Amino acid sequence: MSGERYDGRIVVVGASLAGLRAAETLRDEGFAGSLTLVGEEPHLPYDRPPLSKQVLLGRVSAQDVGLPSRRDVDARWKLGVRARGIDPVAKQVLLDDGERLPFDRLLIATGTRARAWPDPAEAALDGVLTLRTRDDADRLAERLDAGPRRVLVIGAGFTGSEIASACRERGLEVTVAERGPAPLVGALGGTLGAFAARLQRAHGVDLRCGVTVTALNGGNGRLTGAEFSDGSRIEADVAVVALGAVRNTEWLAGSGLAAGPRGVACDAGCRAFDMYGIVTDDVFVAGDVARFPHPLFEYQMLSLEHWGNAVAQAEVAAHNMVSPGPRRRPHLTVPAFWSSQFGLNIKSVGVPTFSDQVVIAQGSLREGRLIAVYGYRGRVTAAVSVNRAKWLEHYQHLIETAAPFPPGPGAADLLDTGPPVSSDVPDPQHLSHGPTVALTGHLPDRRLTLVRQGD
Amino acid sequence: MQPDTLFQRITDYANRADPYPLYAELRENGVTRQDDGSYLVGTYHEIAALLHDPRISSDYRSRTHPDEAMIRRNERPPSFIGLDDPEHDRLRRIAMRPFGPPHSPGRIDELHGDITRIAEELIDAFRGADRIDIVDEFAYPLPVTVICRLLGVPHEDVPRIRAWTNAIIDSFDFTPGADQEKRQQAGLDARDAMARYLGELAGGRRGHPSEDMLSALVNDAGPEGRLTDVELMATATLLLIAGHETTVNLITNGVLTLLRHPDAHKRLRDEPGLMPRAVEELLRYEPPVHMLPQRTPLADIEVAGVTVPKGAPLILMLASGNRDPLRFDDPDRFDPEREDNQHFGFGSGIHNCFGAPLARLETQIALGALLPYLDDFHLLDDPPPYRRSPLLRGPRHLLIARG
Amino acid sequence: MQIVVDLNRCQGYAQCAFLAPQVFELHGEEALMFTPAVPDDQRERVHRAAAACPVQAIVVGERAGPGVR
């Protein structure tokens, strides 16, 4: 079949997981043209999930989290250089170092960055950190090695909770401040949020929900403590700002693409939309920065900060970049993610925030081994396992087939018998932590807009 | 032929040497109800879904009409293989504590040297022989020696253990006939005797800890506490039998398969690093466990368009799923370098084989040590004589001769 | 040798933690932690672990990162 586009110039902006997997897939599929990857960080692609786990526990050095090379990608790597724009007419990527990279097809995989503490002077205090990059993790691990008297974690999303878990495991005192009613509530809703709160407290975390940090105090340029909206204060020598992520789209401001704080909008085949809603055919998007429609979730535009989404979407984008129309594939993967914290393995399939109800389908909250199933208007839309991962593919099948919610009876190990309850997914404006799944469209009855607008 | 007699034909001893054409017929027929009311599933994706379906019970008490043999077998307290969560999970976690991660992560890895030495000693013993029975001289003594050391069972008791085990395995023979009753009773008696023996052995270590698993089971307690005496006997019996029986078949099937496939044999000799993947392929191609006969739906469930009613016997034909062309390319080909090999050799889901890592390591080491020696040998009987059980399928003897 | 585990695929069968306990570790009952940069003396064990993974979740590369030109 003719029409494959195996030659020409492809530029990939973003040299992390999605960029690497796209480059590998392009070569796997037979792309023989020139390939350039641009990365803002000076490092080769590395794996981020260990940064908040193995690295903070001191078991793995931040230097050692590089992603394995699955194949030679024969690419030119421009690392440590930012892309600052696209010239859509000349079809060039403009780099901070002045170079202009001409492309026939472009993949945008610039991901996200950590949301900074809003007060620049407080953010500059020695001891105030974020955790997103290898270098961030290196710095934070070093601080934890030094044995701080207390660590303050601001925001109890997955990253903040994993940081708190690592601190407790190392025997460090830790305070977690969360503006919402519970940890993880933005991603998992009320039932598991309450579970996470009990879990943290049982592990000795000083968890403060429903409060905001009103000031980070310093002396001689070093962090000394923090003040909270309820009038209380603590002393702390390390504060980790875990307020969620910001999508790296500013550089696309003049590009004419549909790029904004919620990501770069694309179609199911990863092709970017322009600002008029017209789909392009030479600009593709993948990973955390992408915002794409998903048929299982009523074609809502989703933005997923998930490892698995970066892999799957990059592979689809790469395939479509070298394939003619009829051979293109849609990105239909069911969203999935995991977190390990406080000795528990938490895994999710589907989109728990796309729900109105939740029910415990197996195990029990008390035991800390369970499956929670989420439904929206009578259909199963998500499931979360806690130390029960072997069952999850059953629920993934229910999600894929839009099975009725609540799921039918008969599970052998159901201990918490009770009717479905409201899933209590809070308005994200009332959270410290940004959700890792953003429903960026609008539900007719709920008008969810889950992208946080700053603190 | 009639699909409602498939299970009868599969379990017929006459078909033991090559049940695979019957499995192809089973897959062709989809989910098939047998004339005794049980349901057979032989296609990969359906088996995978059922192994991860929380509404499928492993407990015989979930059957609407449990058969006589099953009731009698289960008058004894069931081991975790025949229980559902949370009981299954609790017992399995207690048994795992002295066996593997998270509590004993290095236990199996540390056996590497021992297993290698045992394999080499066994090979040394028949090095000059022109005729060898792979089962009696290699595939049986290796895993039984390892599991006895691991559990802390004296090696001189192996003959007794072998007799009990054979009686128990033979009782998993579904062939009707005059001696069925006798086989069932002999199996139960053997199980009781083995359980008593292991109970006494473990009891003697209470308060006198040694390095073995039986000692750990009576002396150490984790967050789940300890096993009761009856739980201990049932668990230890399961660990001892399952801890070697299936590996005997796996190693024997490995030798049989490699002697039948000289190209693969040569490939593995030239590149020993392929052995771990070759063993996975073996687990797909000639698995030691062919079926899971004791599953039961706890609700009416639909499987590939067929409703299997609550309480009906549900039989998962793992070895058939392993040969499903909708899942594996060219499934009847033995390919030691096969990619994407997610076979059912050890089952899947929460009841996945407890001893899988040990069986893997033993088979990799055993075949690796034996391979260079097999060059001059050929099979004397092909097919070899098989043991009775259609469930735990393997040759009774595997005679090979030089030249 | 460099590895990454697709923990979306991982169901906690722990075969890797048995077969290469210095590289793969269960954290609690089910969560897996691994050492991405594999020490040379663990290579053979990691190959065994990758082959044994029932969900084929372990990606093994000879080195970290693709070749830089």
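Values in this document were obtained by computation on a predicted structure and should not be read as measured data. (Residues numbered from 1 in each chain as written. Chains lettered and ligands numbered in written order. Predicted model: local features only at pLDDT ≥ 70, side-chain atom pairs only at ≥ 80, totals over all residues.)

Turning our attention to the overall build of chain A. Looking only at helices and strands, chain A features seven helices and 30 strands. Taking 23 Å as the expected radius of gyration for a compact globule of 455 residues, we find that chain A reaches 22 Å, a close match to that expectation. C-alpha extents for chain A along the principal axes are approximately 60 × 60 × 40 Å. In chain A, which comprises 455 residues, the proportion classed as buried is 58%. Counted over contacts in chain A with a minimum sequence separation of 6, partners at least 24 positions apart contribute 66%. (Helix = DSSP H or I, 4+ residues; strand = E, 2+ residues; numbered from the N terminus. Rg over C-alpha atoms; globule rule 2.2 N^0.38 Å. Buried ≥ 20, exposed ≤ 12 C-beta atoms within 10 Å, placed from the backbone. Contact = placed C-beta atoms within 7 Å.)

It is worth spelling out the overall build of chain C at this point. Assigned secondary structure in chain C consists of two helices and four strands. Moving toward the C terminus, one meets the helices and strands of chain C in the order β-α-β-β-α-β. Whereas a compact globule of 69 residues would reach a radius of gyration of roughly 11 Å, chain C reaches 12 Å, a difference of no more than 12%. Along the first, second and third principal axes, the C-alpha set of chain C runs to 40 × 25 × 20 Å. Burial statistics for chain C: of 69 residues in total, 67% are counted as buried. Put simply, 67% of the contacts in chain C that link residues at least 6 apart link residues at least 24 apart.

Our focus in this paragraph is the pairing of strand 16 (residues 238–241) of chain A. Residue and element names in this part refer to chain A. By the alternation rule, side chains of strand 16 split into Val 238 and Val 240 and Ala 239 and Val 241, which are all buried. Sheet topology note: the strand 9 (residues 128–130)/strand 16 ladder contains three bridges and is parallel. Bridge pairing in strand 16 places Thr 130 opposite Val 241. The sheet contact formed by strand 10 (residues 151–154) and strand 16 spans four bridges and is parallel. Bridge pairing links Ile 154 to Val 241 in strand 16. (Pairing = 2+ DSSP bridges.)

A few words now on the interface of chain B and chain A. The interface is formed by 13 residues belonging to chain B together with 13 residues belonging to chain A. Partitioning the side of chain B that touches chain A into residue classes produces six nonpolar, three polar and four charged. (Nonpolar A, V, L, I, M, F, W, Y, C, P; charged D, E, K, R; others polar.)

A general trend in soluble globular proteins is that nonpolar side chains are found buried together. All names here are of chain A. Val 240, Val 264 and Ala 286 are the most contacted members of the largest nonpolar core, which totals 287 residues. Examining the composition of this core, we find that nine residues originate from one element, helix 6 (residues 307–321), more than from any other. Filtering out sequence-adjacent residues up to four positions away, Ala 286 remains in contact with Ala 18, Ala 22, Leu 107, Ala 109, Cys 270, Ala 310, Gln 313, Ala 314 and Ala 317. (Core = buried A, V, L, I, M, F, W, Y, C linked by C-beta atoms within 7 Å.)

Residues and elements named next belong to chain A. Taking strand neighbours across the sheet as the criterion, the three strands line up as 13-14-15 in an open arrangement whose pairing is antiparallel. Two strands close off the open sheet at either side, each with one partner strand: strand 13 (213–219) and strand 15 (233–235). Within this sheet the neighbouring strands show an average axis-to-axis angle of 25°, counted without direction. Pairing of strand 14 (residues 222–228) with strand 15, which is carried by three bridges, proceeds in the antiparallel orientation. Looking at the pairing, Glu 227 lines up with Arg 233 of strand 15. (Axes fitted to C-alpha atoms, helices over the stretch in contact; angles between N-to-C directions.)

Attention now moves to the interface of chain C and chain A. Interface extent is often summarised as the accessible area lost during association of the parts. The interface of chain C with chain A comprises 27 residues on the first partner and 32 residues on the second. Put simply, the parts of the chain that give the side of chain C that touches chain A at least two residues each are strand 1 (2–5), strand 3 (31–34) and strand 4 (58–61) of chain C. Of the residues in the side of chain C that touches chain A, the class split is 12 nonpolar, 10 polar and five charged.

All names here are of chain B. Tracing the sequence through the fold places Arg 72 in helix 4 (residues 68–73). Judged by the 14 C-beta atoms lying within 10 Å of it, Arg 72 is partly exposed. Arg 72 sits 116 residues away from Leu 188 along the chain, and the two C-alpha atoms are 8.0 Å apart. The residues contacting Arg 72, other than those within four sequence positions of it, are Gln 184 and Leu 188.

Time to look at the packing of helix 15 (residues 275–285) of chain B against helix 2 (residues 43–52) of chain C. The N-to-C vectors of helix 15 of chain B and helix 2 of chain C enclose an angle of 20°; their axes lie 8 Å apart at closest approach. Comparing their axes, helix 2 of chain C and helix 15 of chain B come out roughly parallel. Handedness of the helix 15 of chain B/helix 2 of chain C crossing: right-handed. Contacts between helix 15 of chain B and helix 2 of chain C involve B:Pro276, B:Arg277 and B:Glu280 on the former and, on the latter, C:His47, C:Arg48, C:Ala51 and C:Ala52. In the contact of helix 15 of chain B with helix 2 of chain C, the residues fall into three nonpolar, one polar and three charged. (Parallel < 35°, antiparallel > 145°, perpendicular 65-115°, else oblique. Left-handed = near helix turned anticlockwise from the far one by under 90°.)

As a further point, take the pairing of strand 1 (residues 9–13) of chain A. Residue and element names in this part refer to chain A. With respect to burial, strand 1 is a largely interior element, four of its five residues being buried. In this sheet, strand 2 (residues 34–39) lies alongside strand 1 in parallel orientation, the contact comprising five bridges. Each bridged residue has a counterpart across the sheet, and for Val 13 the counterpart in strand 2 is Val 38. In the classification by handedness, the crossover that spans strand 1, the intervening helix 1 (residues 17–28) and the parallel strand 2 is right-handed. Bridge count for strand 1 against strand 7 (residues 105–108) is four bridges, and the pairing is parallel. What sits directly across from Ile 10, in strand 7, is Arg 105. (Right-handed = clockwise from strand over helix to strand, strands pointing away.)

Turning our eyes to something else, we now look at the sheet that holds strand 12 (residues 206–209) of chain A. Residues and elements named next belong to chain A. Spatial strand order, 9-16-10-11-12: five strands in an open sheet with parallel pairing. On the outer flanks of this sheet lie strand 9 and strand 12, each paired with one strand and no other. Mean inter-strand twist for the sheet, computed between neighbouring axes without regard to direction, equals 20°. Bridging between strand 11 (residues 174–178) and strand 12 involves four bridges; their strand directions are parallel. Bridging across to strand 12, Val 176 finds its partner in Leu 207. The sheet contacts of helix 4 (residues 158–169) involve strand 10, strand 11 and strand 16, and relative to strand 11 the element is tilted by about 165°.

Mapped onto the secondary structure, A:Val65 falls in the loop between strand 2 and strand 3 (76–79). With 15 residues separating them along the chain, A:Val65 and A:Pro50 place their C-alpha atoms 7.3 Å apart.

Bringing unusual backbone geometry into the picture now. Glycine aside, residues mostly have negative phi, and peptide bonds are mostly found in the trans state. In this structure, B:Pro86 follows B:Asp85 across a cis peptide bond, with omega equal to 5°. Turning to its location among the elements, B:Pro86 is positioned in the loop between helix 4 and helix 5 (87–96). Of note, the bond from B:Asp382 into B:Pro383 is cis; its omega dihedral lies within 30 degrees of zero at 5°. Residue placement: B:Pro383 occurs in the loop between strand 9 (377–379) and strand 10 (399–402). Positioned with a positive phi, A:Asp74 is a non-glycine residue whose angle comes to about 45°. Mapped onto the elements, A:Asp74 comes out in the loop between strand 2 and strand 3. Residue class for A:Asp74 comes out partly exposed when judged on the 15 C-beta atoms lying within 10 Å of it. Even without a glycine there, the phi angle at C:Ala14 is positive, about 65°. Checked against the element boundaries, C:Ala14 lands in the loop between strand 1 and helix 1 (15–19). On the basis of neighbour counts, which here come to 26 C-beta atoms within 10 Å, the residue C:Ala14 falls in the buried class.

Three or four residues apart is the spacing at which side chains of an α-helix point the same way, because the helix has 3.6 residues per turn. Across the 11 residues that make up helix 15 of chain B, a large majority, 11, are buried. Within the sequence span of helix 15 of chain B, burial applies to B:Met275, B:Pro276, B:Arg277, B:Ala278, B:Val279, B:Glu280, B:Glu281, B:Leu282, B:Leu283, B:Arg284 and B:Tyr285. Where helix 15 of chain B is buried, its residues touch helix 13 (245–260), helix 14 (262–270) and helix 17 (356–374) of chain B together with helix 2 of chain C.

Across chain C, the average pLDDT comes to 93, with 93% of residues at or above 70. Across the assembled chains, the prediction reports ipTM 0.95 with pTM 0.94. (pLDDT = per-residue confidence, 0-100.)

Let's shift gears to the confidence of the model for chain A. Per-residue pLDDT for chain A averages 93, and the proportion of residues at 70 or more is 95%. For the stretch residues 442–455 of chain A, pLDDT sits under 50, and the model shows 20 contacts to residues farther than four places along the chain or on other chains.

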